[in-house]
Amino acid sequence: MTNKLKTKGDQPPWPEPKPYTSNIFRRLARGWNSWLGLLNEWDFRISIGELNLLGKRVFLVNDPPLVRKVMVDEVELFPKHPYTLWILEPLIGRAIFSVNGEEWAIQRRLIDQAFQVASLKRVFPSMEKATRALLNRLDLKDKSNYVDIDEEMTMIAADVIIRTILSRPLEEEEANNIFKAFSRYQQRAGRALVMRFLRLPKSWIQRSLKRDASIIRSWIQSLIHDRLNHYKENSLNNIRPIDLLDTLIIAKDPKTNKSFSEDDLVDQVCFLFLAGHETSASSLGMAAWLLALFPDVQSRMRNEVLSVVSDRELDSMVKPDDIRQFPFGEAVFNETLRLYPPVSFFIRERLQTDTTLKAPEGKRRCPVGSLLTLSPWVIQRHEKYWPDPNCFRPERFLNQNENSNVRNAFLPFGMGPRKCPGASFAKQEAILVLAELLRRYELLPDANHEIELSGLLTLRSQNGIQLKLKPLEHKAKSSSETCV
Ligand code: HEM
């Protein structure tokens, strides 16, 4: 087996796109296990791509002004494509992520309200407790062996979101069942999308997804049912919210006076659990891997962390105010999201009227019903928008205001009114976890392990990420030293 882990200069390995083929069935076959297989090399050079798939127009939109047209300026005429709902409905029902119009607007107002109450400072203790649990687990590992850091990051990300939603930790046994069910769901959902492109019936596709979805849904359903039962005797006005579930229960839309019903809560919590752990796990796993591959970047991030917390015992963890003093840490996280965006594509549909898509190479007619793909994976590695697009260079994010690519061609959290409301949550969590790891360990890659990246609902390594964690000597400065 060749060792693709050998980085080329400052270019980490990635599943490189295949040479151009116009044969759509060959492309769909290449995309069976990972949608990244659908892409041609050419897609990373053009502003807009177009093909005809069994009579339907399909566009790949890369040009930043066109991306804005679709996601911001004419967002109502380019809603989420119905395929998004079809592949996710068995799992998240009609939750915020895949619905459109007024149904989405009401949900978004309720979710925004809940997120305002569950502010970053208020959710920090949940992140802190989950990080301590991770560090305790790592502490018990045999340090001469490799650790699957992807598995550990999945566990901590799920633990953070469960503690945030429900004020209780995620038990290891329930985690195992849920992760297995979700990983099967991901694999099937990716294929379901290819099958749907080939016009296979929706009901047939959804049936194959329901079995795994029901394992996750029935678990969440019972947790919500217990909480609502607990509140049965009380008026909702008397609830003093202690977690995100409480804030979702009491949220009321000022325009319509609507609140979430019990069924709605199950849909939303299923989605928030997924959104909150899959994406964070993906980005944390990739960030730890990149830090191991690039020891100079790792040292620079560690030095930045230590410059702020070196006078503290390890037991006293990084705080939200410290995190604001880690610009390089934030740049590392952004560069990870640029190269390995957890949500690596979005699909939209053109509604109401035909339109023209004007790109530097010329105009394209976009009829009603066309499918448009916008891909952070492609745009953030596009050779026209990023110098040395495949190289890992966190410094690009240090002078964000001077760097127009950061404003126009960086969309790991989406863009416009449907932008991710969990972006600051995810950043706080990632920088806390990485900082605490770097305070304790040197991260070393396994030169014999070649990760297999797959683009499914999220971007994940199919065979884990093996790292060695070499304990560092810790010396907290005494207070007399720091006062000099
Ligand atoms: C690194 C972590 C994360 C990434 C990369 C990410 C990415 C995204 C993206 C790209 C979208 C929009 C997709 C589109 O326009 O089609 C989205 C939507 C969403 N995300 Fe995240 N997300 C992350 C973490 C989180 C977390 C931690 C939460 C909640 C705690 C969350 C909650 C949501 C919600 C509720 C939406 C739906 C917004 C809407 O449709 O109005 N996300 N996320």
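This text gives an overview of the structure that appears in the document. Keep in mind it's a predicted model, so treat the numbers as computed, not measured.

Definitions and cut-offs
Residues numbered from 1 in each chain as written. Predicted model: local features only at pLDDT ≥ 70, side-chain atom pairs only at ≥ 80, totals over all residues. Heavy atoms only, no water. Helix = DSSP H or I, 4+ residues; strand = E, 2+ residues; numbered from the N terminus. Rg over C-alpha atoms; globule rule 2.2 N^0.38 Å. Buried < 20%, exposed > 50% of the residue type's maximum accessible area, 1.4 Å probe, protein only. Contact = heavy atoms within 4.5 Å. Areas by Shrake-Rupley, 256 points an atom, 1.4 Å probe, with all protein chains shown as cover. Lys, Arg positive; Asp, Glu negative; His and termini not counted. Charge placed at Lys NZ, Arg CZ, Asp CG, Glu CD. 1 Å grid on protein atoms, 1.4 Å probe; cavity = no way out; pocket = protein on both sides within 12 Å on 5 of 7 lines; lining within 4 Å. Points joined across faces, edges and corners; volume = space filled by probe spheres on them. Nonpolar A, V, L, I, M, F, W, Y, C, P; charged D, E, K, R; others polar. Polar contact = N/O pair within 3.5 Å; in protein donor to acceptor, adjacent residues only side chain to side chain. Donors = N, O, S within 2.8 Å, 3.2 Å for Na, K, Ca; no water. Pairing = 2+ DSSP bridges. Axes fitted to C-alpha atoms, helices over the stretch in contact; angles between N-to-C directions. Phe/Tyr/Trp six-rings, centres within 6.5 Å; stacked < 30°, edge-to-face > 60°. Expected span 1.5 Å × (residues − 1).

Further remarks concern the overall build of the chain. Looking only at helices and strands, the chain features 17 helices and eleven strands. Relative to its length of 484 residues, the chain is compact, with a C-alpha radius of gyration of 23 Å against a globular reference of 23 Å. For the chain, with 484 residues in total, the buried portion stands at 56%. Pairs at least 24 residues apart make up 74% of the contacts formed inside the chain by residues separated by at least 6 positions. For the chain, the exposed area adds up to about 21600 Å²; of that, 50% sits on carbon and sulfur atoms. Between the centroid of the 69 positive side chains of the chain and the centroid of its 60 negative side chains there is a distance of 6 Å.

This part is about empty space enclosed by the protein. Using the criterion set out here, one finds three cavities of 30 Å³ or more in the structure. By volume, the largest cavity is sized at about 1100 Å³. Mapped by element, the contributors of at least two residues to the lining of the largest cavity are α3 (82-92), α4 (101-117), α6 (149-166), α7 (172-197), α10 (262-293), α13 (327-339), β4 (346-349) and α16 (423-440). When residues in the lining of the largest cavity are grouped by element, the largest group, nine residues, is from α10. Its residues assigned to classes, the lining of the largest cavity shows 34 nonpolar, ten polar and six charged.

What follows concerns the side chain of E436. Within the element layout of this structure, E436 appears in helix α16. Exposure remark for E436: the relative accessible area of 0% places this residue in the buried category. Here the side chain of E436 touches R439 through a polar contact of 3.2 Å, side chain to side chain. Ignoring sequence-local partners within four residues, the contact set of E436 consists of T131, L135, L314, M317 and V318.

Glancing now at unusual backbone geometry. Positive phi values are uncommon outside glycine, yet S167 reaches one of about 55 degrees. By secondary structure assignment, the location of S167 is in the loop between α6 and α7. Positioned with a positive phi, D388 is a non-glycine residue whose angle comes to about 40 degrees. Tracing the backbone through its elements, the reader meets D388 in the loop between α14 (376-379) and α15 (404-408). The class of D388 is partly exposed, set by a relative accessible area of 40%.

The protein supplies the iron atom of the ligand with one donor atom, C420 (SG), which lies at 2.3 Å. Structurally, C420 is set in the loop between α15 and α16.

Spatially, the four strands line up as an open sheet ordered β1-β2-β7-β4, and their pairing is mixed. A strand with exactly one partner marks an edge of an open sheet, and here the two such strands are β1 (48-53) and β4. Averaged over all pairs of adjacent strands, the angle between strand axes in this sheet comes to 20 degrees, irrespective of strand direction. Two elements, strand β2 (residues 56-61) and strand β7 (residues 371-374), share three bridges in a ladder whose sense is parallel. Pairing of F59 across the sheet is with L372, part of β7. Packed on one face of the sheet, helix α2 (residues 64-73) meets β1, β2, β4 and β7 and runs near 115 degrees to β7.

So, on to the packing of aromatic side chains. Applying the stated criterion to the full structure yields eleven aromatic pairs. When the ring of W14 is compared with that of F44, the centres are 5.8 Å apart and the planes differ by 75 degrees; the resulting orientation is edge-to-face. A residue pair is termed long-range when its members are at least 10 positions apart, and W14 in the segment before α1 (24-30) and F44 in the loop between α1 and β1 qualify at 30 residues. Between the aromatic rings of W35 and F345, the centroid separation amounts to 4.7 Å while the plane-to-plane angle is 50 degrees, which identifies the pairing as tilted. With a gap of 310 residues between them, W35 in the loop between α1 and β1 and F345 in the loop between α13 and β4 connect regions that are remote in the sequence. You can call F345 buried: its relative accessible area is 16%. Clustering of aromatic rings is evident, with ring pairs tying together W14, F44, W289, Y340 and W377.

Taking 1.5 Å per residue as the helical rise, α10 with its 32 residues ought to reach 46 Å, and the 46 Å between its terminal C-alpha atoms agrees with that figure. The element α10 is extensively covered by neighbouring structure, given that 27 of its 32 residues are classed as buried.

Functional significance is not addressed by these values, which are geometric in nature.
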